[in-house]
Amino acid sequence: MRERVRLAGPVGELEAVVEGPGDSASSKGVAIICHPHPLYGGSMDNKVVTTLARSCADAGLAAVRFNFRGVGSSQGGFDNAEGETEDALAVLDWALAHLSVTQFALLGFSFGGLVAVKAAFQRCPKQLVTIAPALHYLAAKPVPSPGCPWLLVHGRDDDVVDCDDTISR
């Protein structure tokens, strides 16, 4: 199953793609997947994001990847991870209401990893998965535990998000 949808976000419609097991009712849960920085070309069509979605779908989860406000045909404008976190939570609420699931995971790559972490502080996912999360946006303070299992993947030689900075948080 793969379906393009438009859903209500905090500042207008958000564009999303839902993919997963042939029947969403047979899904084990839903994975909400957040993309890299909107001002640097990040979108739901990023290859890491689409790979995460495909992997989740192969594992029996419904996967929802979406464009943050101001990206693609999603309405609104960039809001420095605050509004984008609201977008992720709106997508999560939509998915829980429309996909007949109760379990969810939050996933994100780079800036999307930051957004997934911020969303996890507000909701308690079954799993948080981040790839090179841009935690440096949280200033110089340590990042508290989100209170859920967290898989953090970060390449030592990442030239965009500093791995040592992520480890020190």
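Residues numbered from 1 in each chain as written. Predicted model: local features only at pLDDT ≥ 70, side-chain atom pairs only at ≥ 80, totals over all residues. Heavy atoms only, no water.

Asks: Hey, could you run me through the overall build of the protein in this one?
Replies: Scanning the protein for helices and strands turns up four helices and seven strands. When the helices and strands of the protein are read in sequence order from the N terminus, they spell out β-β-β-α-β-α-β-α-β-β-α. Computed over the C-alpha atoms, the radius of gyration of the protein is 15 Å, within 12% of the 15 Å expected from 2.2 N^0.38 for a compact globule of 169 residues. Overall size of the protein, expressed as C-alpha extent along the three principal axes, is 40 × 30 × 25 Å. With 169 residues in all, the protein has 54% of them scored as buried. Intrachain contacts of the protein at a sequence separation of at least 6 include 57% that bridge at least 24 residues. Computed over 14 positive and 19 negative side-chain charges, the inter-centroid distance for the protein is 4 Å. (Helix = DSSP H or I, 4+ residues; strand = E, 2+ residues; numbered from the N terminus. Rg over C-alpha atoms; globule rule 2.2 N^0.38 Å. Buried < 20%, exposed > 50% of the residue type's maximum accessible area, 1.4 Å probe, protein only. Contact = heavy atoms within 4.5 Å. Lys, Arg positive; Asp, Glu negative; His and termini not counted. Charge placed at Lys NZ, Arg CZ, Asp CG, Glu CD.)

Asks: Quick question: what am I supposed to make of the packing of aromatic side chains here?
Replies: The relation between two aromatic rings is expressed through the spacing of the ring centres and the mutual angle of the planes. As enumerated under the stated definition, the model contains four aromatic pairs in all. Here the aromatic rings of Phe68 and Phe111 are separated by 5.9 Å at their centres, their planes lie at 90°, and the arrangement is edge-to-face. In this pair, Phe68 sits in the loop between β4 (62–66) and α2 (82–98) while Phe111 sits in helix α3 (residues 111–122), placing the two residues 43 residues apart along the sequence. Arranged with centres 5.9 Å apart and planes meeting at 45°, the rings of Phe78 and Phe111 form a pair that is tilted. (Phe/Tyr/Trp six-rings, centres within 6.5 Å; stacked < 30°, edge-to-face > 60°.)

Asks: I would appreciate a short explanation of α3 in the present structure.
Replies: Side chains that are three or four residues apart share a direction in an α-helix, a result of its 3.6 residues per turn. End to end, α3 covers 17 Å across twelve residues, agreeing with the expected 16 Å (1.5 Å per residue, within 8%). In terms of burial, α3 is a largely internal element, ten of the twelve residues being buried. Residues Phe111, Gly112, Gly113, Leu114, Val115, Ala116, Val117, Lys118, Ala119 and Ala120 constitute the buried set of α3. Of the surrounding elements, those touching the buried residues of α3 are β3 (30–34), α2, β5 (104–109), β6 (127–131) and β7 (150–153). (Expected span 1.5 Å × (residues − 1).)

Asks: Any chance you could explain the sheet that holds β3 here in plain terms?
Replies: The strands that make up a sheet pair up through hydrogen bonds in the backbone, lying either parallel or antiparallel. Pairing in this open sheet of seven strands is mixed, and the strands run β1-β2-β4-β3-β5-β6-β7 from one edge to the other. Each edge of the open sheet is held by one strand with a lone partner, namely β1 (2–9) and β7. Within the sheet, the average angular offset between the axes of one strand and its neighbour, ignoring direction, is 20°. Bridge count between strand β2 (residues 12–19) and β4: four bridges; the pairing is antiparallel. Counterpart to Ala16 in the pairing with β4 is Phe66. In the packing of α3 onto the sheet, the strands contacted are β3, β5, β6 and β7, and the crossing angle to β5 comes to about 150°. (Pairing = 2+ DSSP bridges. Axes fitted to C-alpha atoms, helices over the stretch in contact; angles between N-to-C directions.)

Asks: Would you mind showing me how to read the side chain of Glu15 here?
Replies: Relative to the elements of secondary structure, Glu15 occurs in strand β2. Assessed through its relative accessible area of 15%, Glu15 is described here as buried. If near-sequence neighbours (up to four positions away) are discounted, Glu15 is found in contact with Arg4, Val5, Arg6, Met44, Phe66, Asn67, Val71, Gly72, Ser73 and Ser74.

Asks: How do you make sense of a nonpolar patch on the surface when you look at a structure like this?
Replies: A surface patch of nonpolar side chains, amounting to about 460 Å² of accessible area, comprises Leu39, Tyr40, Phe78 and Tyr137. Inspection of the secondary structure puts Tyr40 in the loop between β3 and α1 (47–58). On the basis of relative accessible area, Tyr40 is assigned to the exposed category, the value being 70%. (Patch = residues over 30% accessible without salt bridge, like charges linked within 9 Å, V, L, I, M, F, W, Y side chains within 5 Å. Areas by Shrake-Rupley, 256 points an atom, 1.4 Å probe, with all protein chains shown as cover. Salt bridge = Lys/Arg side-chain N within 4 Å of Asp/Glu carboxyl O.)

Asks: Looking at this structure, how should I read the environment of Val153?
Replies: Examined against the element boundaries, Val153 turns out to sit in strand β7. The partly exposed category is assigned to Val153, whose relative accessible area is 38%. When sequence neighbours within four positions are dropped, the list of residues in contact with Val153 reads Thr130, Ile131, Ala132 and Pro133.

Shape is all these values report; function is a separate question.
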